[in-house]
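The primary structure of each chain is shown beneath.
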Number of protein chains: 2
Amino acid sequence: MPADRAQYRELARQLRSVHAVNREIARCLPHDCPAASAGLLTLLRTHGEMRMSNLTELLGIDMSVTSRHVAHAAERGWIERHPDPYDGRSRLLRLTESGQEQLEELSARASTMIENRLADWPPSDVATLNTLLGRLRASFGAAHTPEATRSDTYQATSDK
Amino acid sequence: MPADRAQYRELARQLRSVHAVNREIARCLPHDCPAASAGLLTLLRTHGEMRMSNLTELLGIDMSVTSRHVAHAAERGWIERHPDPYDGRSRLLRLTESGQEQLEELSARASTMIENRLADWPPSDVATLNTLLGRLRASFGAAHTPEATRSDTYQATSDK
DNA sequence: TATTGTTATACTCTATAACTATA
DNA sequence: TATAGTTATAGAGTATAACAATA
């Protein structure tokens, strides 16, 4: 049985408020490194070398946007783009050493800030929040059934 | 004692990914009602009539931005701005009946969509996520002043 | 003088569509 | 023809600074 309608409304509100938290975190980043770059570098470190299309999927944005962010990071020497030997249309992205250092710096700043704000949280709560947010992302990322959730065509049928 | 550094880094990543979820939810909203309007209307329903400055604080954004969003909503008849009898500089904001209907529609769309995606979640997990996100916002919210307010805000909204 | 709110300007993030170059 | 990626353009969301009106 799914949860109450009221719980979902509350969740929608809570998720919106995360936006403000993210802005707060982004404020402690270096000036030439916007939040989008940080996300990009993080994914490249976690998953290793990958193609534009792959990164686009992980970021959950349009490839045109990925292209801009990647260009920004490449101009600053944080990542390298080199041709895919198996597909001349593709470009493989890889973190440079400078990019790894940059990421280290970003990560340190962000986690220090979060640590300050969440100093009185029990570690188990932080862990739980991480787990649930990961599951949330999975629940949203996977189900790309366009018709069911598109504007104007919403219904309560949750069949799969 | 606080949590691991690695947990905070993970949290930063998870919070960023909420951005994609919010975009997905926003996509099912009516065309003339951006996400910012939805947040604004929700707060006005929950907290009732309030001033610009008050709303600004709750939204966690600059008042200039609030001013724009409020103007957008006022032009569409969702909220009314009338003078504060106690302070000629202030304006009091109130949901109109049309605004309440609009909010009802938005809320139904968003929660239906979330329900579809989270159909296989146990209700207790949804509740836990709501609680932790509420606490997160509280821990970040008013803490522009360093140590003083942190423990206060932590307890203030941990229950509902 | 200080505060409430508005407006002007600029920057970030995003999507759509048109384009290129390979496949 | 179809796909990978880029670029042009437009639209939300935000912040800073200059401003008006009131306290």
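If you're wondering where the values come from, they're calculated on a predicted model, not measured in any experiment. (Residues numbered from 1 in each chain as written. Chains lettered and ligands numbered in written order. Predicted model: local features only at pLDDT ≥ 70, side-chain atom pairs only at ≥ 80, totals over all residues. Heavy atoms only, no water.)

(A) Region of interest: helix α5 (residues 97-117) of chain B. Residue and element names in this part refer to chain B. The first and last C-alpha atoms of α5 sit 31 Å apart over 21 residues, in line with the 30 Å expected at 1.5 Å per residue. Of all 21 residues in α5, 15 are buried; the element is thus mostly enclosed. The residue sitting at the N-terminus of α5 and contributing the capping side-chain oxygen is threonine 96; that oxygen lies 3.4 Å from the backbone nitrogen of serine 98. (Helix = DSSP H or I, 4+ residues; strand = E, 2+ residues; numbered from the N terminus. Expected span 1.5 Å × (residues − 1). Buried < 20%, exposed > 50% of the residue type's maximum accessible area, 1.4 Å probe, protein only. Polar contact = N/O pair within 3.5 Å; in protein donor to acceptor, adjacent residues only side chain to side chain.)

(B) Examining the interface of chain A and chain B more closely. Each partner contributes to the interface: chain A provides 72 residues, whereas chain B provides 70 residues. Carbon and sulfur atoms supply 60% of the area buried between chain A and chain B, which totals about 7100 Å² over both sides. The largest share of the area that chain A buries against chain B comes from Tyr8, Arg117 and Phe140 of chain A, three residues that together contribute 10% of it. Linking chain A to chain B there are six salt bridges. Across the pair glutamate 115 of chain B and arginine 5 of chain A runs a salt bridge, and its minimum N-O distance is 3.2 Å. (Contact = heavy atoms within 4.5 Å. Buried area = accessible area lost by both parts, 1.4 Å probe. Salt bridge = Lys/Arg side-chain N within 4 Å of Asp/Glu carboxyl O.)

(C) Fine view of the nonpolar core. Counting 58 residues, the largest nonpolar core has Leu129, Leu133 and Leu136 of chain A together with Ile79, Leu129, Leu133 and Leu136 of chain B as the members making the most contacts within it. Per-domain counts for this core show at least three residues from each of domain 1 (5-120) and domain 2 (121-160) of chain B. When near neighbours in sequence (up to four residues on either side) are disregarded, leucine 129 of chain B contacts Leu11, Leu129, Leu132, Leu133 and Leu136 of chain A together with Trp121 of chain B. Formed by 19 residues, the second largest nonpolar core is a distinct cluster that contains Met50, Val70, Leu93 and Leu106 of chain A. (Core = buried A, V, L, I, M, F, W, Y, C linked by side-chain atoms within 4.5 Å. Domains from an automatic or database assignment.)

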